[in-house]
Amino acid sequence: MSTGAIIALVVAILVVLVVLAFVLRPAMQRKKLRDRFGPEYDRAVSDSDSRTAAEKELAEREHRHSEFDLKPLSPSAQDSYRRHWADVQAKFVDSPDKAIADADRLVTDLMAERGYPTEGYEAQLSVLSVEHARTLEHYRKAHDISERQEIGEASTEDLRTAMVHYRELFTDLLEHGAGPRKDRETASRKEKTDV
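Note that the structure is a prediction, hence the values are computed from the model and not measured.

(A) Main features of helix 6 (residues 121-150). Over its 30 residues, helix 6 extends only 16 Å from the first C-alpha to the last, a length that falls short of the 44 Å expected when each residue adds 1.5 Å. Of all the bends found along helix 6, the most pronounced is centred on His-132 and spans about 125°. Of the residues flanking the end of helix 6, it is Gly-152, one or two places downstream, whose phi is positive at about 75°.

(B) Representation of the environment of Lys-56. With respect to the helices, strands and loops of the structure, Lys-56 is situated in helix 3 (residues 51-66). On a C-alpha basis, the gap between Lys-56 and Val-88 in space is 39 Å, while along the polypeptide they are 32 residues apart.

(C) View of the nonpolar core. Ranked by internal contacts, the top residues of the largest apolar core, which has 32 residues, are Val-107, Leu-128, Tyr-139, Met-163, Tyr-166, Phe-170 and Leu-173. Among the elements of the structure, helix 4 (75-92), helix 5 (96-114), helix 6 and helix 7 (156-175) are those that each provide at least two residues to this core. Not counting residues within four places of it along the chain, the set of residues in contact with Leu-128 comprises Met-111, Tyr-116, Ala-133, Leu-136, Tyr-139, Leu-169 and Leu-173. The next biggest cluster of nonpolar side chains, apart from the first, holds 8 residues, and it includes Leu-33, Tyr-41, Val-45 and Leu-58.

(D) Region of the structure containing the packing of helix 4 against helix 7. At a closest axis distance of 12 Å, the pairing of helix 4 and helix 7 adopts a crossing angle of 175°. Relative to helix 7, the element helix 4 is oriented roughly antiparallel. Facing Gln-78, Tyr-81, Arg-82, Trp-85, Val-88, Gln-89 and Phe-92 of helix 4, the residues of helix 7 in contact are Thr-156, Leu-159, Arg-160, Met-163, Tyr-166, Arg-167, Phe-170, Leu-174 and Glu-175.

(E) Layout of the pattern of salt bridges. According to the stated counting rule, one finds 19 salt bridges in the structure shown. Between Glu-40 and Arg-61 there is a salt bridge whose closest N-O contact spans 3.1 Å. Of the two residues, Glu-40 sits in helix 2 (residues 39-47) while Arg-61 sits in helix 3, which places them 21 residues apart along the sequence. In terms of burial, Glu-40 and Arg-61 fall into one category: buried. Between Asp-158 and Arg-148 there is a salt bridge, with the nearest N and O atoms lying 2.8 Å from each other. In this pair, Asp-158 is assigned in helix 7 and Arg-148 in helix 6, connecting sequence segments 10 residues apart. Members of the salt-bridge network, linked through shared partners, are Glu-40, Arg-43, Glu-57, Arg-61, Arg-64, Glu-137 and Arg-140.

Quick notes on the rules
Residues numbered from 1 in each chain as written. Predicted model: local features only at pLDDT ≥ 70, side-chain atom pairs only at ≥ 80, totals over all residues. Heavy atoms only, no water. Helix = DSSP H or I, 4+ residues; strand = E, 2+ residues; numbered from the N terminus. Expected span 1.5 Å × (residues − 1). Bend = angle between axes of the 7 residues up to and from the residue. Core = buried A, V, L, I, M, F, W, Y, C linked by side-chain atoms within 4.5 Å. Buried < 20%, exposed > 50% of the residue type's maximum accessible area, 1.4 Å probe, protein only. Contact = heavy atoms within 4.5 Å. Axes fitted to C-alpha atoms, helices over the stretch in contact; angles between N-to-C directions. Parallel < 35°, antiparallel > 145°, perpendicular 65-115°, else oblique. Salt bridge = Lys/Arg side-chain N within 4 Å of Asp/Glu carboxyl O.

Shown next as structure tokens:
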């Protein structure tokens, strides 16, 4: 084989590799975002004008999230939050509407202590979606019921459902998000109790 033929073959291989890189990069980025955001990826795509715009928004969320100084809670802080949550659940029997308001406040306090911004519900959803996407729908449902309760349109059963939803997010915030993903997945399998 001549030197020219070898050079042409090497160039052709390099061109194929470059083309493959350009073709595979969006697919790899899409897989990364799907893995990271789970059901939130599908929600963002369905709420957006295009998949590309949704993926850009999710990548921006990741970037904003990386700028926060998020931290795990100390064991004593975790115990304190667990005790507060137990108190909130106990209040539910006598005062479901107050318990829901307290649950929302406790979740917000926990977010703040972990280092998440707490101004505005939509902003909270955006930053929580990066590490807590799998429980974000619980937060949406709880928040929706809380808003309905404020105008007198939520039944006691609705409020019980909201408590369950708040508990899912509360537990996820309390136990996950600061360590390696594998640790978070293992911890999420822990036994849960009902209201």
